[in-house]
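Tertiary structure, described
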Amino acid sequence: MTAQIIDGKALASELRDAVTAATRRLVAAHGLHPGLAVVLLGDDPASRTYVASKSRALVEVGMRPFDFKLPAATSEAELRALIKKLNSDPAVNGILVQLPLPPQINTSRIIASIDPDKDVDGFHPLNAGRLASGLPGLVPCTPIACLRLIRTVHDSLAGIAALMIGRSHIVGNPLAQVLLNENATVTVAHTFTRHLPELCRRAELMCVAIGCAEFIRGDWIKPGATVIDVGINRVAVGGKSRIVGDVKFSEAVEVAGAITPVPGGVGPMTIVCLLINTLRAACMQAGLPPPAL
Ligand code: NAD
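A brief report on the enclosed structure follows. (Residues numbered from 1 in each chain as written. Predicted model: local features only at pLDDT ≥ 70, side-chain atom pairs only at ≥ 80, totals over all residues. Heavy atoms only, no water.)

What follows is about the packing of aromatic side chains. Per the stated rule, a full pass over the model turns up one aromatic pair. Judged by centre distance (5.7 Å) and plane angle (85°), the ring pair of Phe-215 and Trp-220 falls under edge-to-face. Given the relative accessible area of 39%, Phe-215 is considered partly exposed. (Phe/Tyr/Trp six-rings, centres within 6.5 Å; stacked < 30°, edge-to-face > 60°. Buried < 20%, exposed > 50% of the residue type's maximum accessible area, 1.4 Å probe, protein only.)

Moving on to the pairing of strand β2 (residues 35–41). Of all seven residues in β2, seven are buried; the element is thus mostly enclosed. On β2, burial covers both faces: Gly-35, Ala-37, Val-39 and Leu-41 on one face and Leu-36, Val-38 and Leu-40 on the other are all buried. Remark: the β2/helix α2 (residues 45–60)/strand β3 (residues 64–70) crossover connection has right-handed handedness. Direction of pairing for β2 relative to strand β4 (residues 94–97): parallel, over a ladder of four bridges. (Helix = DSSP H or I, 4+ residues; strand = E, 2+ residues; numbered from the N terminus. Right-handed = clockwise from strand over helix to strand, strands pointing away. Pairing = 2+ DSSP bridges.)

Attention now moves to the sheet that holds β4. Strand order in the open sheet made by the three strands is β3-β2-β4, with parallel pairing throughout. Since the sheet does not close on itself, it has two edges, and those belong to β3 and β4, each with one partner. Averaged over neighbouring strand pairs, the angle between their axes works out to 15° when direction is ignored. Lying on the sheet, α2 is in contact with β2, β3 and β4; it crosses β2 at an angle near 170°. Of the strands in this sheet, β2, β3 and β4 are in contact with helix α3 (residues 76–87), which crosses β2 at around 175°. (Axes fitted to C-alpha atoms, helices over the stretch in contact; angles between N-to-C directions. Contact = heavy atoms within 4.5 Å.)

With that settled, consider the site of the ligand. In the vicinity of the ligand lie 20 residues, with Arg-167, Ser-168, Val-230, Ile-232 and Thr-270 positioned nearest. At 3.2 Å from an oxygen atom of the ligand is found a side-chain nitrogen or oxygen belonging to Thr-191. Measuring from a nitrogen atom of the ligand, one finds a backbone N or O atom of Val-230 at 3.4 Å. Calculation on the ligand without its partners gives an accessible area of 860 Å², and the protein chains cover 73% of this total. It is helix α10 (residues 266–285) that provides the largest number of residues to the shell around the ligand, a total of three residues. Taken together, the residues of the shell around the ligand break down into nine nonpolar, ten polar and one charged. (Near = heavy atom within 4 Å. Polar contact = N/O pair within 3.5 Å; in protein donor to acceptor, adjacent residues only side chain to side chain. Areas by Shrake-Rupley, 256 points an atom, 1.4 Å probe, with all protein chains shown as cover. Nonpolar A, V, L, I, M, F, W, Y, C, P; charged D, E, K, R; others polar.)

Once that is clear, we can look at the sheet that holds strand β6 (residues 185–189). Here six strands make up an open sheet; going across it, the order is β1-β11-β8-β7-β5-β6 and the pairing parallel. A single partner strand is all that each edge strand has here, and the edge strands are β1 (4–5) and β6. With five bridges connecting them, strand β5 (residues 161–165) and β6 associate as parallel partners. Bridged to Ile-165 within β6 is Ala-189.

Once that is clear, we can look at the pattern of salt bridges. Under the criterion given, the structure shown has six salt bridges. Its salt-bridge partner being Arg-16, residue Glu-60 comes within 3.0 Å of it at the nearest N-O pair. With Glu-60 in helix α2 and Arg-16 in helix α1 (residues 8–30), this residue pair connects regions lying 44 residues apart in the sequence. Between Glu-76 and Arg-80 there is a salt bridge, and its shortest N-O distance comes to 4.0 Å. Placement of the pair is Glu-76 and Arg-80 together in helix α3, with a separation of four residues, close to one helical turn. Judged by its relative accessible area of 37%, Arg-80 is partly exposed. (Salt bridge = Lys/Arg side-chain N within 4 Å of Asp/Glu carboxyl O.)

Here you go:
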């Protein structure tokens, strides 16, 4: 069997067009120009690349980026003062603080200081609680990106045996919750989980977010299963560097029913979901219904 490739790049491009149209309508009908503040501390090359691509994507769909590049030595008090200012700035509809933060800063306190209605990353405890309670709120971008990709293959997830490997607050935990809210039967695996290959072989849907290059092997996958690979790992091959996922793609593609590639799967969709969250936040703050995207 050769799996169907779930093309995140193509889906992201389609959705981006829809976001552009919805943004234009919002500007024309209500004079509302969604703005996202992106805060970056230090000059970690990977974080700089992510932040640059987010700002570019915002401009492309007609939203306003507000970039704040602060020194790595910025104190927690200084960062909180900036967030306080952004919380009360009506031109800023979303606030994203690029993680990881330098060690002198308490990440949880910073996330909790963001106005939950501007928390486009969906990491604020109030939004995490809303997701866990099945209430509407801002949901983290990568889990929503994964759900949109899964929906290209499955009309319904009711009763499906889903395995979430990884339980970070950014991906694994909220994605497990998203799948549960879709009525999947969800198992969560992590570093303490025993007999992972056996668990994998029972999963009809497997989502992997562990940050270990090509860790999940083809013979762990149930034939015909859907595999969503969130991992982004840079590896050196023959003196060249390339990006691979957490799943050994060349093996998995022979067994799975459908699979996301890396790159070109979850990554491009995550950025579009950030744009959608910014649009939703802007509508919510203006008392308008969220766009149907
Ligand atoms: P993290 O390090 O915060 O969490 C990793 C999780 O995986 C932990 O819960 C840990 O218990 C689990 N884990 C690690 N090794 C394991 C193993 N061998 N077996 C079982 N569980 C294991 O990482 P994260 O922030 O959740 O990111 C995971 C991966 O996803 C990384 O490669 C990251 O770069 C990538 N990522 C991609 C996107 C995207 O848009 N595509 C977004 C965020 C993260």
